[in-house]
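Listed below are the residues making up each chain.
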Amino acid sequence: RSPVFWGLSQVFFFTAAAMFAILVQLVAFLVDAGFTPLAAASAFGLVGLLSGLSVMVSGLSSDRFGYRQIVTLSFTGTFAGMALLLLLSFYPSVFVLALFVPVFGLCMGVRGPIVSSIAARYFAGPRVATIYGLIYGSNAVGAALGAFAGGLLHDFTGGYRAALAMALVLITFASLPFWTVPALRNYR
């Protein structure tokens, strides 16, 4: 019944749907855009490496600068990274790919630890594990549906632009609870 529960579930569901609509096809997308398989796989690997780094520093940075500022920055970077991929679908460029990797990679893993932390603090008590498990479950459902929808859109359109456009819309929906749910907007 809590707006915070539904807001955090929305964040996880739409973030995962947006990310997995892209991530599971990223190497194939880059190869289709004209990059060598080695360059595509290397970019994918670097995105993953930078994501791990972003997970490690997300707690420290959100404690120092505020979780909402860091979450907003990460959603903005993720949106920008997806927009760079869309640009790559029209104009393949090593420069744009080199820009995409750090922008997207450094923003990719930031939100998970922050959502976990907020859930643990907000729902502290004997049911926190069950509540967080349900919130995290929305992540798994979003990932499955996003990956399926991304593949389906590729099959229907013969390219990746529709899935990228969908991912841009979904990542926007994912960010909304931090601005529309009063308890998340004003959380300290």
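Residues numbered from 1 in each chain as written. Predicted model: local features only at pLDDT ≥ 70, side-chain atom pairs only at ≥ 80, totals over all residues. Heavy atoms only, no water.

1. Regarding the overall build of the protein chain
A tally of regular secondary structure across the protein chain gives 10 helices and zero strands. Along the protein chain, helices and strands appear, N-terminal first, in the series α-α-α-α-α-α-α-α-α-α. What you see for the protein chain is a C-alpha radius of gyration of 17 Å, in line with the 16 Å of a compact globule of 188 residues. C-alpha atoms of the protein chain, sized along the principal axes, occupy 50 × 35 × 25 Å. Considering only residue pairs separated by 6 or more positions, the protein chain has 81% of its internal contacts joining residues 24 or more positions apart. (Helix = DSSP H or I, 4+ residues; strand = E, 2+ residues; numbered from the N terminus. Rg over C-alpha atoms; globule rule 2.2 N^0.38 Å. Contact = heavy atoms within 4.5 Å.)

2. What to know about helix H8 (residues 161–175)
For H8, spanning 15 residues, the distance from its first C-alpha to its last is 21 Å, which sits close to the expected 21 Å at 1.5 Å a residue. All of the buried residues along H8 are Ala-163, Leu-164, Ala-167, Leu-168, Leu-170, Ile-171, Ala-174 and Ser-175. Lining the buried residues of H8 we find helix H1 (3–23), helix H2 (26–32), helix H4 (67–90), helix H7 (128–157) and helix H9 (177–180). (Expected span 1.5 Å × (residues − 1). Buried < 20%, exposed > 50% of the residue type's maximum accessible area, 1.4 Å probe, protein only.)

3. Some details on the side chain of Ser-51
Within the fold, Ser-51 resides in helix H3 (residues 37–65). Its relative accessible area of 11% is what places Ser-51 among the buried residues. Look past the residues within four positions of Ser-51 in its chain and what remains in contact with it is Gly-105, Met-108 and Gly-109.

4. Points about the packing of aromatic side chains
Per the counting criterion, the structure on display carries 12 aromatic pairs. Judged by centre distance (5.0 Å) and plane angle (85°), the ring pair of Phe-13 and Phe-14 falls under edge-to-face. Among the residues examined, Phe-14 registers a relative accessible area of 21% and is labelled partly exposed. Ring geometry for Phe-75 versus Phe-178: centroids 6.5 Å apart, planes at 50°, classification tilted. Highlighted residues: Phe-75 in helix H4 and Phe-178 in helix H9, separated in sequence by 103 residues. Members of the aromatic cluster, each reached through a chain of ring pairs, are Phe-12, Tyr-132 and Tyr-136. (Phe/Tyr/Trp six-rings, centres within 6.5 Å; stacked < 30°, edge-to-face > 60°.)

5. A look at the environment of Val-169
Of note, Val-169 is situated in helix H8. Of the residues examined, Val-169 reaches a relative accessible area of 44% and is grouped as partly exposed. With 146 residues separating them in the primary sequence, Val-169 and Leu-23 have C-alpha atoms 16 Å apart.

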